[in-house]
Amino acid sequence: MATLRRLFHSSLIRTSYSYYGCKGGFLGGSCRRYSNVASPEQKVLKFEDQEKLLANANDSFSEEEIMKIRQEYDAAKEKFLKIPDALEQMPKMNPKGVYVNKNVRLDSIQVYGFDYDYTLAHYSSNLQSLIYDLAKQHIVDEFKYPDTCLEFKYDPSFPIRGLYYDRSKGCLMKLDFFGSIELDGCYYGRRKLSREEIDEMYGTRHIGRDQARELVSLMDFFCFSEACLIADIVQHFVDAKLEFDSRYVYQDVNRAIQYVHNSGLVHRGILADPPRYLVKNDQLLRFLKMLKDKGKKLFLLTNSPFYFVDGGMRFMLQDSLGQQDSWKELFDVVIAKANKPDFYKSDHPFRCYDVEKDTLAFTKVDAFLPGKIYYHGCLKAFLQITKWKGPEVIYFGDHLFSDLRGPSKAGWRTAAIIHELNSEIMIQNDNSYRFEQAKFHIMQELLGRLHATVTSSVKSEAYKSLLRELNAERQKTRYKMKGMFNKSFGATFLTDTGQESAFAYHIHQYADIYTSKPENFLYYPPEAWFHVPFDIKIMPHHLKVSSNLFRT
């Protein structure tokens, strides 16, 4: 294109300057001089001629490029009928792998710390229904919401982790890595908003600083029931044509969720029927014993009360432990009701907990004694007592803010436990997903070239037809990829277009390494060096399928 423009431009320039025309050749005949001075009218005409010539050249070039893009698209469509054999040769990511955001040398780690819920303790999907039902009962009984709310049922297919709720507008949404609203991931109640409605409500897909102040994040595993209950209540008020303040909806639901946890309702419900809610885990015991055998120090730091942790650990490990309470011997320090994230910045003192009497001692805690249980406390006192230095400590947790943000700022190494990682990697490894991902990348590439090619304000029919087909194929592919994860919000780590989500951003920010379960470390030697991959994208567990797959 640039060459064409230069050729036309130079030829037009030559016609606008004076030259000597010679009849009969350079040596013989008469020569006549042509003036290099033109009238204003002539100059305008010549400029218009130049523009017409350039426009015609551009249009001619555009049509050729459109034809090329059309041919490439038609050729690719023939290959869309069958999954390429080359997919079988592509590497697969390990669902039980440990993935690295920052280099970590395990040989330099001397202390391993663990959260309890969704880190050491594995729960079944029944737990979310229990939390949901207890919270909706509390909202009706204590906050006087309509009795019809008791008819709500938890929908496990609706929420994912890492959503945001807009308190000012009542929208539940998924954001991408850069803080923009996912087009097919913004709901008002249980109704998905269209692109036009999002634009009308927010003016832009990108969430600005002022709008971000109204957002609350739903990041831990308990947020599934919270997100679903918020959406169900908003939808109920809309259907009943009742006036409501979306701020109060969040405030009341959040208070109800906190109540069922802090009151012990959830804890008692789980311990009343452990097989229904807890998953036994012999591999966890193997991992903890391996660390002890290697001379590592272990501590447990949880917000849950001791009786709940004790009941859960006994059940999960009862098939492997000789004595029912011997799980405590695995840990050098056990701290319950720690009140994270306040634990990392407060000055609260530790108190020794009497298991038999269910009371707290009044004596000052200046040492952690074997077999004792401690409540409350703070990071400052913890480090003073243990003398453990930041870089030699790694802490495992599932909540990116409550569990990991504080330790990462304190200099500890951090490991995020993300249970969804296992299933999402298995989906990404599947040939059908990779097939759709490669198709999507082709559509993106061809659309980019098509938009860059056409410079004329008048679009040809060939252009319009190709644009419609490419957009339709891209949309169909995008929906297929999303539907393989979650029908409402898609993947936890990815947007519908294959880019990283806001949840992925927080993992990248606060987790040095991440995996689906702590016991996945059994697959690595305890002296392993975890390095960031040389071909790092944003999330190291993602594998990008190239559009060239269909061109080989």
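- The name given to the chain in an unreviewed UniProt entry is 5'-nucleotidase domain-containing protein, and the organism recorded there is Capsicum baccatum.
- Per its UniProt entry, the chain bears the Sequence similarities (unreviewed entry) comment "Belongs to the 5'(3')-deoxyribonucleotidase family."

## Observations regarding the packing of aromatic side chains
No. 1: Applying the stated rule across the entire model yields 40 aromatic pairs.
No. 2: Consider the rings of Tyr165 and Tyr250, whose centres lie 6.0 Å apart with planes at 25°: the pair is stacked. With Tyr165 in strand β6 (residues 163–166) and Tyr250 in helix α8 (residues 246–262), this pair connects stretches of sequence that are 85 residues apart.
No. 3: Owing to a relative accessible area of 1%, Tyr165 belongs among the buried residues under this scheme.
No. 4: Owing to a relative accessible area of 15%, Tyr250 belongs among the buried residues under this scheme.
No. 5: Feature note: the residues Phe299, Phe343, Tyr344, Phe350, Phe368, Tyr374, Phe382, Trp388, Tyr395 and Trp412 constitute an aromatic cluster, connected by ring pairs.
No. 6: The side chain of Lys280 reaches across the aromatic face of Phe315, ending 5.0 Å from its centre.

## Digging into the side chain of Glu519
No. 1: In this structure, Glu519 sits in the loop between β18 (513–515) and β19 (529–530).
No. 2: Although Glu519 lies buried, it forms no salt bridge, and the closest oppositely charged side chain, Lys517, sits 4.7 Å away as judged by the N-O distance.
No. 3: Within the structure, Glu519 has its side chain in polar contact with the side chain of His122 (distance 2.9 Å).
No. 4: Dropping the residues within four chain positions of it, Glu519 is found in contact with His122, Asn281, Gln283, Leu284 and Phe287.

## Side note on the UniProt feature "active site" (unreviewed entry) in the chain
No. 1: Per the UniProt annotation, the sites labelled "active site" (unreviewed entry) are Asp115 and Asp117.
No. 2: With respect to the helices and strands, the residue Asp115 is situated in the loop between β5 (111–114) and α4 (126–143).
No. 3: Accessibility expressed as a relative area gives 5% for Asp115, which makes it buried.
No. 4: Apart from residues lying up to four places away in sequence, Asp115 is in contact with Leu120, Leu300, Leu301, Thr302, Lys340, Tyr395, Phe396, Gly397, Asp398 and Asp403.
No. 5: By the secondary structure assignment, Asp117 is in the loop between β5 and α4.
No. 6: Judged by its relative accessible area of 10%, Asp117 is buried.
No. 7: Among residues more than four places away in sequence, those in contact with Asp117 are Tyr123, Phe222, Thr302, Ser304, Phe308 and Asp398.
No. 8: At a separation of 2.5 Å, a polar atom in the side chain of Asp117 contacts the side chain of Tyr123.

What counts, and at which threshold
- Residues numbered from 1 in each chain as written.
- Predicted model: local features only at pLDDT ≥ 70, side-chain atom pairs only at ≥ 80, totals over all residues.
- Heavy atoms only, no water.
- UniProt positions renumbered as here; feature names shortened; annotations may be inferred.
- Phe/Tyr/Trp six-rings, centres within 6.5 Å; stacked < 30°, edge-to-face > 60°.
- Helix = DSSP H or I, 4+ residues; strand = E, 2+ residues; numbered from the N terminus.
- Buried < 20%, exposed > 50% of the residue type's maximum accessible area, 1.4 Å probe, protein only.
- Lys NZ or Arg CZ within 6 Å of the ring centre and 35° of its normal.
- Lys, Arg positive; Asp, Glu negative; His and termini not counted.
- Salt bridge = Lys/Arg side-chain N within 4 Å of Asp/Glu carboxyl O.
- Polar contact = N/O pair within 3.5 Å; in protein donor to acceptor, adjacent residues only side chain to side chain.
- Contact = heavy atoms within 4.5 Å.

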